[in-house]
Each structure stands twice: as C-alpha cells, then as structure tokens.
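For reference, the chains in residue letters:
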Amino acid sequence: MKVGFIGVGNMGGPMCRNIIRNTNHEVIVFDLNSDAVKACTELGAAAGASVADVASRCDVILTSLPMPNVVEQVALGPDGIAAGAKSGTVYIDLSTNAPATARRCAAGMQAKGLAMLEAPVSGGTARAKDGTIVIMVGGDAATFEAQLPLLKSFSGEVVHVGGIGMGSTAKLINNMLAFCNSAAAAEALMIGKRAGIDLHKLDQVIRNASGMSSGYANMATKAFKGAFDATFALDLAHKDLRLAMEMADELGVPGMIAPQVMNLMRMARGMGLGGADSTAMIRVYERALGTEVRA
Ligand code: NAD
C-alpha cells in the first residue's frame, strides 16, 4: 500500500518514521520544510513534489498540520487532497482541529468519493517517537477497522470514540484539562520557589502524591532545566484552548478555569513566547516575580 504523509514536523515526523520502520508500506512525504522531509527520506520514504502529487499517488493520506485553516486548505483547497486523490482513497487527519472543521473536511472528501477519519493524537513528541502515542478517532466504523493496523503501527492506544467530530471533541477536552494542570503546576512551583523548599524534594513528593499529572511532570521537567525550545509550541496550545473554549461556549458550559489559563497564555504570547514551548507559560510568573524556577 502507498501511504502519503503531509506535515512531518515535531509530531508528524516521528509518527511517519514509525510507519516507515514498522510496516512494509511505501511512504511518500511532503512538507514545506525540506529538513523535515529529509529526516524521513533518510529512513526510506520518497519525497513528494506537492500535496497534489502525494494525493494522486497514495491509497491512504495522513496529515499532521499546525492550524485548522491549514488543514482545510490542504484537504479541500484547489490543489488539495480532495481535488487530487483518486476515488476510494482514505484521508486521515492527525492534527488537533475543531469538530466543525473536521466535519466540513469529511463532507468535502465524501463528495469526491473519499473516506475520512479524524484522528488527533496525545502524548507529545516523546511518545510520538517511541510509538506509544494515544490516537482518538472519529469516523465511520468500517473505515476505522480497515485503517486500524496502520494506526497501530505508530500508536500504543487507538480509541474509536464515535462519528466525525468526536475525535476532535475528545482531544480538545483532554488538552484543556492538560493545560489547566500545567498552568496550576507553574503556579505551584513558583510558590515552592518563594517558600525556599528544595525543588527536587518537592518534585519527588508531587510525582508520588495526589498533585501528579502529565501536565505537572512536563512543566517541572522543562522549567527546572529552563528548556523552553518548542516540542509543543505555545501558539499551538493557545489554538487548542481557544477551540476548547469555543466548544464550551457553543454547549453553554460556563468556563471558570480555562479562561484564566487562556489569559496566562495570552500574557506569555504578549511577551513574545508564542514560538516557545507551551510550558513557557511559567515565564509570566518568573518575570512578574523576578525569580526563576530552576533546579
Ligand atoms: P509543527 O509545526 O512542528 O509541524 C507542522 C508541520 O507542517 C511543519 O513541518 C510545517 O512545515 C508543515 N506544514 C505547514 N503548512 C504546510 C503545508 N501547507 N503543506 C505541507 N506542510 C505544511 O507542529 P506539531 O507540533 O508537529 O503539531 C502538528 C499538529 O499536531 C497540530 O495540530 C498540533 O496541535 C498537534 N499536536 C501537537 C503535539 C505536540 O506535542 N507538538 C501533541 C499533540 C498534537
């Protein structure tokens, strides 16, 4: 089978390389960044010339792209997947997207005889690399079953959550929770810093106590080292939280906590940290208090 992979950045790159390593499929990649493409062709993938070129040559096409408008352009634009792929091709979007965008893309695909799964992922770059990423899939059950072996080739847990839109719904809820935990971790660590406690001892306690979460662990690991180079950019986290808050508004669920975290992200982006890692939210506290959480 020929598998196309469009968008081989921080997440798409390692997921694509696991498909190359773990299956016998012929993989064709495309990305605007030639270094990202090279990291996949070095492992045996072929380089596609464009989105349309990949679309016309593949049986299954995956995308992992930054923003909903980019996904929609690549999926439904004049030189996009729906325009170029042959009937019967399956399109799988691994990006974090709005449920409504996923539904629009699926309808556009269906009009051209293409099936679509939306399959956002969670676990960050470390789990994308080691092949244990979680995939939450929205779409038709038969298409899901047919694509399960491919999805399992780069994931530790694949969950079919429902029809189109439900994968994005699960992902946005999950990320809202993770960012709230991460922001609370930033505040907690700054209290620890000001209290003068040994931060490694505090960390040892939390990692074995009720305050533990992956949001905490990620924040503490990166803040202690001051390592804010993006593995998950603050701009992308801000996009996810914005989509989650829009979903809450549409459903009439009052936001008490997420909007506070959104304001922390806005302040961090205002400090020029949009391209830094999402954990750079702690820099807002650090700048306000004139001290850093390093250990
Ligand atoms: P990234 O910016 O590292 O990668 C995106 C890639 O898409 C880049 O290499 C870019 O050059 C390429 N690209 C952009 N526009 C393109 C186009 N028109 N045609 C072809 N290639 C194009 O972003 P990422 O961190 O890998 O995130 C990708 C998606 O996965 C996002 O939706 C993000 O929210 C989601 N996500 C990220 C993480 C994470 O930890 N980084 C975790 C889960 C989900």
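Residues numbered from 1 in each chain as written. Predicted model: local features only at pLDDT ≥ 70, side-chain atom pairs only at ≥ 80, totals over all residues. Heavy atoms only, no water.

## Topic: the packing of aromatic side chains
For clarity, the threshold we go by: Classification of ring pairs uses Phe, Tyr and Trp, with its six-membered ring standing for Trp, and accepts pairs whose centres are within 6.5 Å; under 30 degrees between planes counts as stacked, over 60 as edge-to-face, and the remaining range as tilted. Counting from the N terminus, the helices are DSSP H or I runs at least four residues long and the strands are E runs at least two residues long. Residue exposure (1.4 Å probe, protein chains only): buried if accessible area is under 20% of the type maximum, exposed if over 50%, otherwise partly exposed.
The final tally for this structure, using the stated rule, is one aromatic pair. Arranged with centres 6.0 Å apart and planes meeting at 25°, the rings of Phe179 and Phe232 form a pair that is stacked. Here Phe179, found in helix 9 (residues 166-195), pairs with Phe232, found in the loop between helix 11 (214-225) and helix 12 (234-250); they are 53 residues apart in sequence, far enough to count as distant. Of the residues examined, Phe179 reaches a relative accessible area of 6% and is grouped as buried.

## Thoughts on the nonpolar core
Definition in use: Throughout this description, the term nonpolar core refers to a set of buried Ala, Val, Leu, Ile, Met, Phe, Trp, Tyr and Cys residues connected via side-chain atoms within 4.5 Å. The criterion used for residue contact is that any of the two residues' heavy atoms lie within 4.5 Å.
Formed by 33 residues in total, the largest nonpolar core has its most connected members in Leu189, Val261, Met265, Met281 and Ile282. Sorting the residues of this core by element identifies helix 9, helix 10 (199-207), helix 11, helix 12, helix 13 (258-270) and helix 14 (282-289) as the ones contributing at least two each. With seven residues, helix 9 is the single largest residue contributor to this core. When neighbours within four sequence positions are excluded, Val261 is seen to be in contact with Phe179, Cys180, Ala183, Leu241 and Met281. If you look at the next biggest cluster of nonpolar residues, it comprises 32 residues, including Phe5, Ile92, Ile133 and Ile135.

## Considering the environment of Gly80
Here Gly80 shows up in the loop between helix 4 (68-76) and helix 5 (81-84). Each C-alpha atom of the pair Gly80 and Ala55 lies 7.6 Å from the other, and the pair is 25 residues apart in sequence.

## Thoughts on the pairing of strand 8 (residues 133-138)
Test applied: Here, strands pair whenever DSSP counts at least two bridges between them. A clockwise course of the path from the first strand over the helix to the second, judged with the strands pointing away from the viewer, identifies a crossover as right-handed.
Of all the six residues making up strand 8, five are buried; the element is thus mostly covered by neighbouring parts of the structure. In this sheet, strand 9 (residues 155-162) lies alongside strand 8 in parallel orientation, the contact comprising six bridges. Each residue of the ladder has a partner; that of Ile133, found in strand 9, is Ser155. In this view, the connection linking strand 8 to its parallel neighbour strand 9 by way of helix 8 (residues 141-152) has right-handed handedness.

## Some remarks on the site of the ligand
So the rule is basically this: Note on terminology: near, applied to a residue and a molecule or strand, indicates that one of the residue's heavy atoms is within 4 Å of it. Counted as a polar contact is a pair of N or O atoms within 3.5 Å, where, for protein atoms, one must be capable of donating a hydrogen and the other of accepting one, and residues adjacent in sequence contribute only when both atoms are in side chains. With residues, only the protein chains shown are counted as cover, and all accessible areas are computed by Shrake-Rupley using a 1.4 Å probe. Charged residues are taken to be Asp, Glu, Lys and Arg, nonpolar residues to be Ala, Val, Leu, Ile, Met, Phe, Trp, Tyr, Cys and Pro, and polar residues to be all remaining types, Gly included.
Every one of the 24 residues lining the ligand counts as a neighbour, but Asn10, Met11, Asp31, Thr231 and Lys239 are closest to it. A distance of 3.0 Å separates an oxygen atom of the ligand from a polar atom in the backbone of Thr96. Between the ligand and Lys239 there is a distance of 2.9 Å, counted from an oxygen atom to a side-chain nitrogen or oxygen. Compared with its free state, where it exposes 830 Å², the ligand has 86% of that area covered by protein. Those elements giving two or more residues to the shell around the ligand turn out to be helix 4 and helix 12. The biggest single contributor to the shell around the ligand is helix 12, with three residues. When grouped by side-chain class, the residues that make up the shell around the ligand number eleven nonpolar, nine polar and four charged.

## What to know about a nonpolar patch on the surface
To keep it simple, the criterion reads: Patch membership needs two things, relative accessible area over 30% and no salt bridge, and members are linked within 9 Å if like-charged or within 5 Å if nonpolar (Val, Leu, Ile, Met, Phe, Trp, Tyr). Here, a salt bridge means any Lys or Arg side-chain nitrogen found within 4 Å of an Asp or Glu carboxyl oxygen.
On the surface, Val159, Val161 and Met166 cluster together to form a nonpolar patch covering roughly 210 Å² of accessible area. Along the chain, Val159 turns up in strand 9. Here Val159 falls in the partly exposed class, since its relative accessible area comes to 34%.

## A word on helix 12
Threshold: For a helix, the expected span equals 1.5 Å multiplied by the residue count minus one.
Taking 1.5 Å per residue, 17 residues should reach 24 Å; helix 12 reaches 24 Å between its end C-alpha atoms and fits that length. Restricting attention to buried positions, one finds in helix 12 the residues Leu234, Ala237, His238, Lys239, Asp240, Leu241, Leu243, Ala244 and Met247. The secondary structure elements touched by the buried residues of helix 12 are helix 4, helix 6 (99-111), helix 9 and helix 13. Note on helix 12: the residue one or two positions beyond its end, Gly252, has a positive phi of about 75°.

## Side note on the packing of helix 4 against helix 6
Definition in use: Axis definition: a line fit to C-alpha positions, over the contact stretch in the case of helices; interaxial angles, taken between N-to-C directions, run 0 to 180 degrees. By the definition adopted for this analysis, an angle is roughly parallel if under 35 degrees, roughly antiparallel if over 145, roughly perpendicular if from 65 to 115, and oblique otherwise.
At their nearest, the axes of helix 4 and helix 6 sit 10 Å apart, and the two run at 5° to each other. One way to sum up the angle between helix 4 and helix 6 is to call them roughly parallel. Across the interface between the two elements, Pro68, Val71, Glu72, Ala75 and Leu76 of helix 4 pack against Thr101, Arg104, Cys105, Gly108 and Met109 of helix 6. Residue composition of the contact of helix 4 with helix 6, by class: six nonpolar, two polar and two charged.

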